2 protein chains.
Amino acid sequence: MSSGESSVGRPLKAGRVRMSKVANGADALFEVFKRWGIRRVFTCPGSTEAAFLNGSLSHPEIDVILTTHESVAVSMADGLSRVTREPSVAYLHANVGLANGIAHLYAAHIARSPVVVINGLKPRSIANRAAFTTAHDTRDFVRQYVKWDWEVLRREAIAEDINRAFKISTTSPRGPTWVGIAQDLLESRGEITVPDRDRYIVRSNVRPGPTAIEEAARTLGDAKRPLLVAGDDVARAEASDEMVALSERLGAPVVAEDRWSLESLSFPTDHPNYLGTYRPGSYVVTQADAIFFAGARAFTEFEPSGSPAIPPSARVIHLHSDAREIAKIYGVDVSLVGDAQVTLNDLLFRLESTGVASAATSEYLRAAREEREQQKGQRIGLHPSEEGPIQVPALVDSLLELSDEQTIIVDDSTTSRTALLDAFNGKRLRPLYTSSSGSLGWAMGAALGIKLGAPGQPVVAFVGDGVFQFGLPALWAAEHYGIAVTYVVVNNQSYAAVGAALERYLGRTLSPAQFPVMDISGPKIASISEGFGVHGIRIDRLSDFKPAFERARDREGPTVIEVMTDTTVLGPPYRPLAKGREGAG
Amino acid sequence: MSSGESSVGRPLKAGRVRMSKVANGADALFEVFKRWGIRRVFTCPGSTEAAFLNGSLSHPEIDVILTTHESVAVSMADGLSRVTREPSVAYLHANVGLANGIAHLYAAHIARSPVVVINGLKPRSIANRAAFTTAHDTRDFVRQYVKWDWEVLRREAIAEDINRAFKISTTSPRGPTWVGIAQDLLESRGEITVPDRDRYIVRSNVRPGPTAIEEAARTLGDAKRPLLVAGDDVARAEASDEMVALSERLGAPVVAEDRWSLESLSFPTDHPNYLGTYRPGSYVVTQADAIFFAGARAFTEFEPSGSPAIPPSARVIHLHSDAREIAKIYGVDVSLVGDAQVTLNDLLFRLESTGVASAATSEYLRAAREEREQQKGQRIGLHPSEEGPIQVPALVDSLLELSDEQTIIVDDSTTSRTALLDAFNGKRLRPLYTSSSGSLGWAMGAALGIKLGAPGQPVVAFVGDGVFQFGLPALWAAEHYGIAVTYVVVNNQSYAAVGAALERYLGRTLSPAQFPVMDISGPKIASISEGFGVHGIRIDRLSDFKPAFERARDREGPTVIEVMTDTTVLGPPYRPLAKGREGAG
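### Regarding the overall build of chain A
Right, on to step 1. Broken down by element type, chain A carries 21 helices and 20 strands.
Right, on to step 2. The C-alpha radius of gyration of chain A comes to 25 Å, within 12% of the 25 Å expected for a compact globule of 585 residues.
Right, on to step 3. Its C-alpha atoms give chain A principal-axis dimensions of about 70 × 60 × 45 Å.
Right, on to step 4. A separation threshold of at least 6 residues defines the contact pool for chain A, and within that pool the share at least 24 residues apart is 78%.
Right, on to step 5. When the accessible surface of chain A is totalled, it reaches about 19600 Å², and 49% of it is carbon and sulfur.
Right, on to step 6. Positive and negative side-chain charges of chain A, numbering 62 and 69 respectively, have mean locations separated by a distance of 3 Å.

### Points about the packing of helix H1 (residues 25–35) of chain A against helix H2 (residues 50–57) of chain A
All names here are of chain A.
Right, on to step 1. Two elements in contact, H1 and H2, have axes whose closest approach is 8 Å; the angle formed by their N-to-C orientations is 60°. Relative to H2, H1 is oriented oblique. When you trace H1 past H2, the crossing you get is right-handed. Counting all contacts with H1, which are made through Ala 26, Leu 29, Phe 30 and Phe 33, the residues of H2 involved are Ala 51, Phe 52, Gly 55 and Ser 56.
Right, on to step 2. Among the residues making up the contact of H1 with H2, the classes are represented as 6 nonpolar, 2 polar and no charged.

### A closer look at the interface of chain B and chain A
Right, on to step 1. If you look at the interface, chain B gives 86 residues, while chain A gives 86 residues.
Right, on to step 2. Taking both sides of the interface into account, the surface hidden between chain B and chain A amounts to around 7200 Å²; carbon and sulfur atoms contribute 63%.
Right, on to step 3. On the chain B side of the contact with chain A, Phe 132, Gln 144 and Tyr 505 of chain B bury the most area, a combined 10% of that side's loss.
Right, on to step 4. Our enumeration of links across chain B and chain A arrives at 4 salt bridges.
Right, on to step 5. The partner of Glu 301 of chain A in a salt bridge is Arg 129 of chain B, and the shortest N-O contact between them spans 2.9 Å.
Right, on to step 6. For the interface between chain B and chain A, the tally reads 27 residue pairs in polar contact (both at pLDDT 80 or more).
Right, on to step 7. For the side of chain B that touches chain A, the secondary structure elements donating two or more residues are helix H2 (50–57), strand E3 (63–66), helix H4 (94–110), helix H5 (124–127), helix H17 (465–470), helix H18 (474–480), helix H19 (496–506) and helix H20 (525–531) of chain B.

### Describing the relation of the copies chain B and chain A
Right, on to step 1. Of the transformation placing chain B onto chain A, the axial shift is 0.0 Å and the rotation is 180°, giving an RMSD of 0.0 Å. Classification of the inter-copy transformation places it as that of a two-fold axis.

### Observations concerning the domain arrangement of chain A
All names here are of chain A.
Right, on to step 1. The assigned domain composition of chain A is domain 1 (20–200), domain 2 (210–373) and domain 3 (384–564).
Right, on to step 2. Here the C-alpha centre of domain 3 lies 31 Å away from the C-alpha centre of domain 1.
Right, on to step 3. In this complex, domain 1 contributes 22 residues to the contact, which on the side of domain 3 involves 24 residues.
Right, on to step 4. Both faces considered, domain 1 and domain 3 share a buried interface measuring about 1800 Å² in area, 68% of it formed by carbon and sulfur atoms.
Right, on to step 5. When the buried surface of domain 1 facing domain 3 is broken down by residue, Met 76, Arg 82 and Val 83 rank first, second and third, together holding 29% of it.

### Brief notes about the side chain of Ser 321 of chain B
All names here are of chain B.
Right, on to step 1. Its location among the elements puts Ser 321 in the loop between strand E13 (315–320) and strand E14 (334–337).
Right, on to step 2. You can call Ser 321 buried: its relative accessible area is 16%.
Right, on to step 3. A distance of 2.8 Å separates polar atoms of two side chains, one belonging to Ser 321 and the other to Asp 233.
Right, on to step 4. Discounting residues that sit within four places of it in the chain, Ser 321 has contacts with Ser 172, Pro 173, Asp 233, Val 337 and Gly 338.

### Notes on the sheet that holds E13 of chain B
Residues and elements named next belong to chain B.
Right, on to step 1. Pairing is parallel across the open sheet formed by 6 strands, whose spatial order is E11-E10-E9-E12-E13-E14. Of all the strands in the sheet, the pair left with one neighbour each is strand E11 (274–277) and E14. Each strand of the sheet is rotated relative to its neighbour by a mean of 20°, with strand direction disregarded.
Right, on to step 2. In this sheet, E13 lies alongside strand E12 (residues 290–294) in parallel orientation, the contact comprising 5 bridges. Its bridge partner being in E13, Phe 293 is matched across the sheet by His 318.
Right, on to step 3. On the sheet, helix H10 (residues 240–250) packs against strand E9 (226–230), strand E10 (254–256) and E12 and is oriented at approximately 170° with respect to E9.

### Details of the packing of helix H3 (residues 70–84) of chain B against H4 of chain B
All names here are of chain B.
Right, on to step 1. Interhelical geometry of H3 versus H4 gives an angle of 30° and a closest axis separation of 7 Å. Judged on the interaxial angle alone, H4 and H3 are roughly parallel. The element H3 and its partner H4 pack so that their crossing is right-handed. Seen from H3, the contacting residues are Glu 70, Ser 71, Val 74, Ser 75, Asp 78 and Arg 82; seen from H4, they are Gly 97, Asn 100, Gly 101, His 104, Leu 105, Ala 107 and Ala 108.
Right, on to step 2. Classifying every residue of the contact of H3 with H4 gives 4 nonpolar, 6 polar and 3 charged.

### Comments concerning H2 of chain A
Right, on to step 1. Among the 8 residues of H2 of chain A, 7 are classified as buried, and the element is accordingly described as predominantly covered.
Right, on to step 2. Every buried residue of H2 of chain A is listed here: Ala 50, Ala 51, Phe 52, Leu 53, Asn 54, Gly 55 and Ser 56 of chain A.
Right, on to step 3. Looking at the buried residues of H2 of chain A, the elements they touch are H1, strand E2 (40–43), strand E3 (63–66), strand E4 (88–93) and helix H7 (183–187) of chain A together with H19 of chain B.

### Concerning the sheet that holds strand E9 (residues 226–230) of chain A
Residue and element names in this part refer to chain A.
Right, on to step 1. As summarised here, the arrangement of the 6 strands in space is E11-E10-E9-E12-E13-E14, forming an open sheet in which the pairing is parallel. If you trace the sheet from one side to the other, it starts and ends with strand E11 (274–277) and strand E14 (334–337), each paired once. Along the sheet, successive strands turn relative to each other by an average axial angle of 20°, direction set aside.
Right, on to step 2. The strands touched by helix H8 (residues 210–222) within the sheet are E9, strand E12 (290–294), strand E13 (315–320) and E14, with E14 carrying the most contacts at an inclination of about 130°.
Right, on to step 3. Across the sheet, helix H12 (residues 340–353) is in contact with E12, E13 and E14; its angle to E13 comes to roughly 135°.

### So, the nonpolar core
Grouped burial of nonpolar side chains is what soluble globular proteins tend to show.
Right, on to step 1. Core analysis: the largest hydrophobic core is formed by 224 residues, its most contacted members being Phe 33, Phe 52 and Tyr 487 of chain A together with Phe 33, Phe 52 and Tyr 487 of chain B.
Right, on to step 2. Those residues in contact with Tyr 487 of chain B that sit more than four places away from it in its chain are Ala 443, Met 444, Leu 448, Ala 461, Ala 474, Leu 475, Ala 478, Thr 559, Val 560 and Ile 561 of chain B.

### A word on the packing of aromatic side chains
All names here are of chain A.
Right, on to step 1. In this structure the tally under the stated criterion is 38 aromatic pairs over all chains.
Right, on to step 2. For the ring pair Phe 33 and Phe 166, a centre distance of 6.1 Å and an interplane angle of 70° mean the geometry is edge-to-face. With Phe 33 in helix H1 and Phe 166 in helix H6 (residues 158–170), this residue pair connects regions lying 133 residues apart in the sequence. Pair check on accessibility: Phe 33 and Phe 166 agree, each one buried.

### Regarding helix H3 (residues 70–84) of chain A
Residue and element names in this part refer to chain A.
Right, on to step 1. Its 15 residues give H3 an end-to-end C-alpha distance of 21 Å, which sits within 8% of 21 Å, the value for a rise of 1.5 Å per residue.
Right, on to step 2. Of all the 15 residues making up H3, 14 are buried; the element is thus mostly covered by neighbouring parts of the structure.
Right, on to step 3. Once H3 finishes, Arg 85 follows within two positions and takes phi at roughly 55°, a positive value.

Calculation criteria
- Residues numbered from 1 in each chain as written.
- Chains lettered and ligands numbered in written order.
- Predicted model: local features only at pLDDT ≥ 70, side-chain atom pairs only at ≥ 80, totals over all residues.
- Heavy atoms only, no water.
- Helix = DSSP H or I, 4+ residues; strand = E, 2+ residues; numbered from the N terminus.
- Rg over C-alpha atoms; globule rule 2.2 N^0.38 Å.
- Contact = heavy atoms within 4.5 Å.
- Areas by Shrake-Rupley, 256 points an atom, 1.4 Å probe, with all protein chains shown as cover.
- Lys, Arg positive; Asp, Glu negative; His and termini not counted.
- Charge placed at Lys NZ, Arg CZ, Asp CG, Glu CD.
- Axes fitted to C-alpha atoms, helices over the stretch in contact; angles between N-to-C directions.
- Parallel < 35°, antiparallel > 145°, perpendicular 65-115°, else oblique.
- Left-handed = near helix turned anticlockwise from the far one by under 90°.
- Nonpolar A, V, L, I, M, F, W, Y, C, P; charged D, E, K, R; others polar.
- Buried area = accessible area lost by both parts, 1.4 Å probe.
- Salt bridge = Lys/Arg side-chain N within 4 Å of Asp/Glu carboxyl O.
- Polar contact = N/O pair within 3.5 Å; in protein donor to acceptor, adjacent residues only side chain to side chain.
- Least-squares fit on C-alpha atoms with pLDDT ≥ 70 in both.
- Domains from an automatic or database assignment.
- Buried < 20%, exposed > 50% of the residue type's maximum accessible area, 1.4 Å probe, protein only.
- Pairing = 2+ DSSP bridges.
- Core = buried A, V, L, I, M, F, W, Y, C linked by side-chain atoms within 4.5 Å.
- Phe/Tyr/Trp six-rings, centres within 6.5 Å; stacked < 30°, edge-to-face > 60°.
- Expected span 1.5 Å × (residues − 1).

Here it is, written out as structure tokens:
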């Protein structure tokens, strides 16, 4: 099975389900959901959803998962879609519920998650009158973050419109869709035709034409110092094996896409050719004479860059399933629009048939590895003894050491992210999900959706203390449904990212203690978690992490481990070594 | 001073502050803020705000109030503006921070709060490249909820644009505005001209022309059964005294605007002519031959109404500062566009000069009062003994009994709202703020802003357990700044509003225990509050409320009182008497 389609490409049954009919609006929803393999609907309902909730009593095959904030409903659906690569449903209430879901809908949009957002709207007979919880142009709130937005116009079209939303969400390039449905239509009775889903599967995992493949193969074959950038699209297409084969055939170093674009890791981090994330100014980037962005974005800039993002002398090949990502900012020499798995296979076949192999000089790869080793050496300086204040690099090392290959890490740790990504180097790849949206709180709910989608795998959410507050209501769903996620909360008691930005802006004219409004100390995170019925434990020494983590892993429900880390470290990206700590280690 | 302008109508100093200049973007913001009397800026900042945060060190006269979620920043600003009737500022970070603030911006929009939202945007040099935390059309997210949205185009215009936002927000009809400012402009250095605020005060508290006043006076004078509807615009214009004078001159009953539009109470609830809220189908409405909507909205419909919203035989007079509210749904006989205070004074003068007085038959008022007394009688049936499960009507009676006339009630209690509004009848008016936005969690932050604006008055937030979870991060700001708000949390352990909607939809075919997804039991609200460092207490018996409330009142910081109420009562609007309790009392 090619991953670009996921299992929605498979017929549900051997026999054909042709068009059929249901008797009311709510049943139409359930019938479409069922045909698209939906087993759960994430919601925080209101009065507009009464008919749907009532319908759920007659459709026990679909679980209505209650959340206590729409941000949680959306991030859970997003998480579920990311790990299963299947469509998911978030059902939001009116304009206010939708508003609460927008920030994480942005995260789903960037991740190309096929989340179908259903939005319960007030009855049409009062919606034109500025009724309670209505907006004049509801679609304006979502248009930028969905592939398709539509308000159902009449009862007969309910199943057709929802079916279309699933079709569009699951067609490459994938992404969220939004359908508004008025309460009166949902509550209406009368025959509704339900489309035969199997006839709405579009096999959209295309591959580039032969000329583009030929150009890419020649460009890589001619390069002396080719660099491969493994991006999220590779992970989504499950094409890691193909990336490894390409890297080994070319003898080329591989980096993950840069940390501001990265949503997952798609190359084995213990592979000798893997050299961390893409960093303008690094040896491996500046010395490359050809760079192959494979399913990566180029780029999601955080700030204007000091170094050229791409060295001017390098030839650029860019593969992506979404043509809009190619030559978005910087021009390219070869463009490859297509599914990463199919396209990489085409490329490998072409390289094989023309006999191109190990074009890269061993000198380039060797020097690049050396640079990487030096960086690791610097990093060791950040590991103090076990008994000092907990340092994040030591924490993430411990976390990765204690978690097996099956463990899924869901990251939403802002300033700790770089340390986490660094820690992966040289270790066997574990599945990682993160968000490049900057929408804080995402992982609190996403980790729950991921666990529901991968019940056999341990799931660890790695979040900051600020993030914890943004996603707090997720703890209610975690407890209520007994979802066994281990939350590791890095409590540095501050908005360190704000501090880092101030330091960038000010230089070192002020000490961090003088920075305004970055101190968010106070909340007892473990204790708040206990208030939600979630097992909470606070640790102040790194040596306590292992027993806490192991106990959490053995529990059936969720656990929050509050890790009190060194509050004097603002963390990367701007300050790899804290002042006064330079000599430590 | 006429209230329509609030104190922004007064020059800041005796001497004229003409145009002046500042040296950088951040200083321009502070200078404009200062001129408009801003003493606090509510924010949850990110890297785009570094220059502003740094600037705050040189502008100690303005407090930067940190919140841990943008929804809190917006609702605090809204609350402050509601109580002071002055402009306020919420400073949000990028597209994600803005997204988190939209739901409560809707509340500020409905309340016509002059909240100026400043939105820190990424530098222009990368914003065109789909940079980190950017949107293609940021303004689409706010346009429906602000009077003006604008992105600053160049450094020289920063002060001009922000000044314009204040001008527009504070000009009647008031409302929020939004200005986006790119990081590079904020960080830029170079002379910026700051406008002389005093020349941007528009005295917009207009009054209708003489013909309209004459028509209104004649219509009221001719009526035998005139009904006055006192709306929010009366409260905003501080025209309660004028409403009392009008009611007494006409011998007319007064109702507050209907519960779905109501944001405050603007008529003394212990006045003998006060008869609760506007209810289609009630005697006082159906029998009226003239209805004067004074600053009320007609209407914010929750659902299609069974009774005619306005009796067809009644003549309709509508006064509002926003012409769009008049004849919005139903036609009117007399329209009065103007400030409530000035216009009511004009009307009173006209009635006096033509000798119109006590036109209303005493029979209408007497019968209307009788209907009201009967409703009160029914309500007494809901008061069980002090030792049973706590009933909300008994709780709100106790709350109003224990709070003095100065106490400000900030309501966000969904299904308990009707009980609260009913409890006001016959008691001396206390200031009440609520939101007709349906944006849950609003009061958690709004109460904090209200307390900052009225430090001498006790402030009680009356919220549901669902609302508590929506607004949880407000507790961080409450504790951090030691803001003495008493949160009374009605913990019925359910989304009762969802249950009420299901009951409306289904009739009594199911018992509430069978209703899907309305059970949100679990969180220990008092204990969670303690985790935030906020004093928390849980009470299971009504007799414990008084000591808990009195202790809270005497404390310097915030308190959360978790009140465990009867979980079998879904509460109004759909179920005034719980099944099985009809005989109680």
